[in-house]
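Coordinates in review
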Amino acid sequence: RLAAARGMNLVLVDVQADALEKAAAEFSHVEVLARVVDVAKAEPMEALAAAVQERFGVPHFVFNNAGVGSGGLIWENALSDWEWVLGVNLMGVVHGVRLFTPMMLAAAKADPAYHGHIVNTASMAGMLNPPNMGVYNVSKHAVVSLSETLYQDLSLVTDQVHASVLCPFFVPTGISQSHRNRPSEFAAAKPTKSQLISQAQTDKAVSSGKLTAADVAAMVFDAIDHHKFYIFSHPQALAGVQTRLEDVMLLRNPTDPFADKPEIGAALRAKLRAD
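Quick look at the structure, then. What you see is a predicted model, and the numbers here were worked out from it, not measured in a lab. (Residues numbered from 1 in each chain as written. Predicted model: local features only at pLDDT ≥ 70, side-chain atom pairs only at ≥ 80, totals over all residues. Heavy atoms only, no water.)

Here we come to the sheet that holds strand β4 (residues 116–121). Strands sit in the order β3-β4-β5-β6 across an open sheet of 4 strands; the sheet is parallel. Two strands bound the open sheet, and with one partner strand each, they are β3 (61–64) and β6 (230–232). For this sheet the average axis-to-axis angle between neighbouring strands, irrespective of direction, equals 20°. When β4 meets strand β5 (residues 161–167), the two strands line up parallel, connected through 6 bridges. Residue pairing for β5: N120 is matched across the bridge by V165. (Pairing = 2+ DSSP bridges. Helix = DSSP H or I, 4+ residues; strand = E, 2+ residues; numbered from the N terminus. Axes fitted to C-alpha atoms, helices over the stretch in contact; angles between N-to-C directions.)

Take a look at the structure:
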């Protein structure tokens, strides 16, 4: 919506056809290319990149935003959990970067007036390692690393294409129910106790978030306008990042993530240790 308000053509991609159709129907005053794509898969993403270039030319903005969630104790995640979450959360970003960055660099080389920006959506779980959600943490740390490297690599070769990483905290979106679109090839096993606990906690945290997706989108465009790399929806959560980095610098064992709210940690431990 913010992009349309700026007069941009839109490329909308989703794996859920009805949601995509509903979103695309909102826009009558800008050009829209809407495609159902599983971002985890190389061939559909390659077809998307070709379709974008054919319809609109090289994009100025690329938002690698698809994400799914899966929790539980890290050794209890099935191989299918790893394949599904890393496929969407990490390989979706990989495909977006590997396909669109060369197009954008070519456009920059051909036109000194061209400017582009890539925004990869990670999470505060890419900066912290909250317990009982290990697969998600791993995927989002990888996106932060990819994005920081992308920023540095771009700076070596151009001043016209930039990158940012978005690290939201708990924002009311559909991610807590992302299993609704889980492919049959990665069918989930019967959830373990830790996975049920994680799902309940995530549902509560996501639904109670005060910032909306629209609020975060506005932060993203502000960051693009000012060439800011790190985008944090909840800057207050950076205190935990500082503690984690101090643990590393001081060679200190990881700090209890519930140190400031011990009752939450105690309740979680009691649930997980109960027979």
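Bringing the pairing of β5 into the picture now. Successive residues of a regular strand alternate their side chains across the two faces of the sheet. Within β5, 7 of the 7 residues are buried, which leaves it mostly tucked inside the rest of the structure. Burial along β5 is two-sided: V161, A163, V165 and C167 and H162, S164 and L166, pointing in opposite directions, are all buried. With helix α5 (residues 134–157) bridging β4 and the parallel β5, this β-α-β connection has right-handed handedness. Sheet analysis places β5 next to β6, joined by 3 bridges and oriented parallel. Bridged to V165 within β6 is Y230. (Buried < 20%, exposed > 50% of the residue type's maximum accessible area, 1.4 Å probe, protein only. Right-handed = clockwise from strand over helix to strand, strands pointing away.)

Core analysis: the biggest nonpolar cluster contains 43 residues, and F100, M104, M124, M127 and C167 have the highest contact counts within it. Every element with two or more residues in this core is listed here: α3 (42–56), α4 (79–110), α5 and β5. Of the residues forming this core, the biggest block, 12 residues, is contributed by α4. If we skip the residues at most four places from it in the chain, M124 touches C167, P168, F169, F232, A237, L238 and V241. (Core = buried A, V, L, I, M, F, W, Y, C linked by side-chain atoms within 4.5 Å. Contact = heavy atoms within 4.5 Å.)

This paragraph deals with the environment of A42. With respect to the helices, strands and loops of the structure, A42 is situated in helix α3. Overall, A42 belongs to the partly exposed group, its relative accessible area being 29%. The spacing of A42 and M91 is 49 residues in sequence and 8.6 Å in space, taken between C-alpha atoms. With near-sequence residues (within four places) excluded, A42 lies in contact with H95 and R98.

This part is about unusual backbone geometry. Here the phi dihedral of H227 falls at roughly 55°; this positive angle occurs in a residue that is not glycine. The topology assignment puts H227 in the loop between α7 (213–225) and β6. Its identity as a non-glycine residue notwithstanding, L251 has a phi of 55°, on the positive side. Looking at the secondary structure, you find L251 in the loop between α8 (238–249) and α9 (262–273).

So, on to the pairing of β4. With 6 of 6 residues buried, β4 is to be regarded as a mostly interior element. The two faces of β4 match: G116, I118 and N120 on one face and H117, V119 and T121 on the other face are all buried. Pairing between β3 and β4: 4 bridges, direction parallel. Paired with F63 across the bridge in β4 is V119.

With 32 residues, α4 should reach 46 Å at 1.5 Å per residue; the first-to-last C-alpha distance of 45 Å fits that figure. The sharpest bend along α4 reaches about 40° and sits at G87. (Expected span 1.5 Å × (residues − 1). Bend = angle between axes of the 7 residues up to and from the residue.)

Quick look at α5 now. Compared with an ideal rise of 1.5 Å per residue, which puts 24 residues at 34 Å, α5 spans 35 Å between its outermost C-alpha atoms and is within 8% of the ideal. Among all positions in α5, only G134, V135, Y136, N137, S139, K140, V143, V144, L146, S147, L150 and L154 are buried. Looking at the buried side of α5, the elements it contacts are α4, β4 and β5.

We now examine the pattern of salt bridges. Applying the stated criterion across every chain yields a total of 10 salt bridges. R252 is the salt-bridge partner of E246, the closest N and O atoms lying 3.9 Å from each other. With a relative accessible area of 32%, E246 lands in the partly exposed category. Of the charged contacts in the structure, one is a salt bridge between R269 and D256, with a shortest N-O distance of 3.6 Å. Here R269 is found in helix α9, whereas its partner D256 is found in the loop between α8 and α9, with 13 residues between them in sequence. For R269, a relative accessible area of 36% corresponds to the partly exposed category. Note on D256: relative accessible area 32%, which makes it partly exposed. Here the salt bridges share partners, and the residues they tie into one network are E246, D247 and R252. (Salt bridge = Lys/Arg side-chain N within 4 Å of Asp/Glu carboxyl O.)

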